Amino acid sequence: MMEYIDPATAKSVYPTFACCIQMIRPGVKTLAHRQASSAVYYVFEGSGRSVIAGRVFDWSAGDFFVVPSYFWHEHANLSREPAILFSVQDYPLMKNLGIYREEKHPDGHQKVLN
């Protein structure tokens, strides 16, 4: 995942949120993690699925989905084409307030509940 950084300040676009882009290669599953910030994702290209708090959400180009603060989440691209996710995240705000935390899931992946 890469964050767009304001070239004039070398910081996040705004002190309250960041704009990020992430490419997930075909067949890749990210490891589950959670953080004290939330994110809104837009699927720019491709398709895949995310497991958020144990629930599976399938997505494809043009879809939006949200990962609430401190929910376990992971993403997977099960297709043969790259998936590109754009996100707006509020971790700069959490970092500026001194309350940002992130942790990896102890098992690497979540148990799926549905």
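Structure's up top.
Just so it is clear, the model here is predicted, and its values are computed rather than measured.

About the thresholds
Residues numbered from 1 in each chain as written. Predicted model: local features only at pLDDT ≥ 70, side-chain atom pairs only at ≥ 80, totals over all residues. Heavy atoms only, no water. Core = buried A, V, L, I, M, F, W, Y, C linked by side-chain atoms within 4.5 Å. Buried < 20%, exposed > 50% of the residue type's maximum accessible area, 1.4 Å probe, protein only. Helix = DSSP H or I, 4+ residues; strand = E, 2+ residues; numbered from the N terminus. Contact = heavy atoms within 4.5 Å. Salt bridge = Lys/Arg side-chain N within 4 Å of Asp/Glu carboxyl O. Phe/Tyr/Trp six-rings, centres within 6.5 Å; stacked < 30°, edge-to-face > 60°. Lys NZ or Arg CZ within 6 Å of the ring centre and 35° of its normal. Pairing = 2+ DSSP bridges. Polar contact = N/O pair within 3.5 Å; in protein donor to acceptor, adjacent residues only side chain to side chain.

I24, A39, Y41, V43, I52, W59, F65, V67, A83 and L85 form the largest nonpolar core, which has ten residues in total. Of all the secondary-structure elements, those providing two or more residues to this core are strand 6 (39–45), strand 9 (64–67) and strand 11 (83–89). Per element, the largest residue contribution to this core is three residues, and it comes from strand 6. In this structure W59 touches V43, S47, G48, R49, S50, F65, A76, A83 and L85, once residues within four positions along its chain are discounted.

Let us look at the pattern of salt bridges. Under the counting rule described, the total for this entry stands at three salt bridges. The shortest N-O distance in the salt bridge between R101 and E103 comes to 3.8 Å. Three or more residues joined by partner-sharing salt bridges are found here, namely R34, R101 and E103.

A separate point is the environment of K29. Checked against the element boundaries, K29 lands in the loop between strand 4 (18–24) and strand 5 (33–35). A residue is classified by how much of its surface remains accessible, and K29, at 54% relative accessible area, is exposed. Along the chain, K29 and L78 lie 49 residues apart, while their C-alpha atoms are 8.2 Å from each other. Ignoring any residue separated from it by four or fewer positions in sequence, one finds K29 in contact with H75, A76, L78 and H109.

With that settled, consider the packing of aromatic side chains. Scanning the entire structure with this criterion turns up five aromatic pairs. A ring pair is formed by Y42 and F64, whose centres lie 4.9 Å apart and whose planes are at 50 degrees; its orientation type is tilted. With Y42 in strand 6 and F64 in strand 9, the pair connects residues that are 22 residues apart, well separated along the chain. Ring geometry for W59 against F65: centres 6.0 Å apart, planes inclined by 10 degrees, an arrangement best described as stacked. Each member of the pair W59 and F65 is classed as buried. K95 extends its terminal NZ or CZ atom over the ring of Y100, reaching a point 5.2 Å from the ring centre.

Another point: the sheet that holds strand 6. Strand order in this open sheet of five strands is 1-4-11-6-9, and the pairing throughout is antiparallel. The sheet is open, and its two borders are formed by strand 1 (2–3) and strand 9, each paired with just one other strand.

Glancing now at the side chain of H105. Note that H105 resides in the segment after strand 12 (102–104). For H105, the side chain forms a polar contact with the main-chain nitrogen of D107, separated by 3.0 Å. Discounting residues that sit within four places of it in the chain, H105 has contacts with A32, H33, W72 and Q110.

These figures come from the coordinates and say nothing about function on their own.
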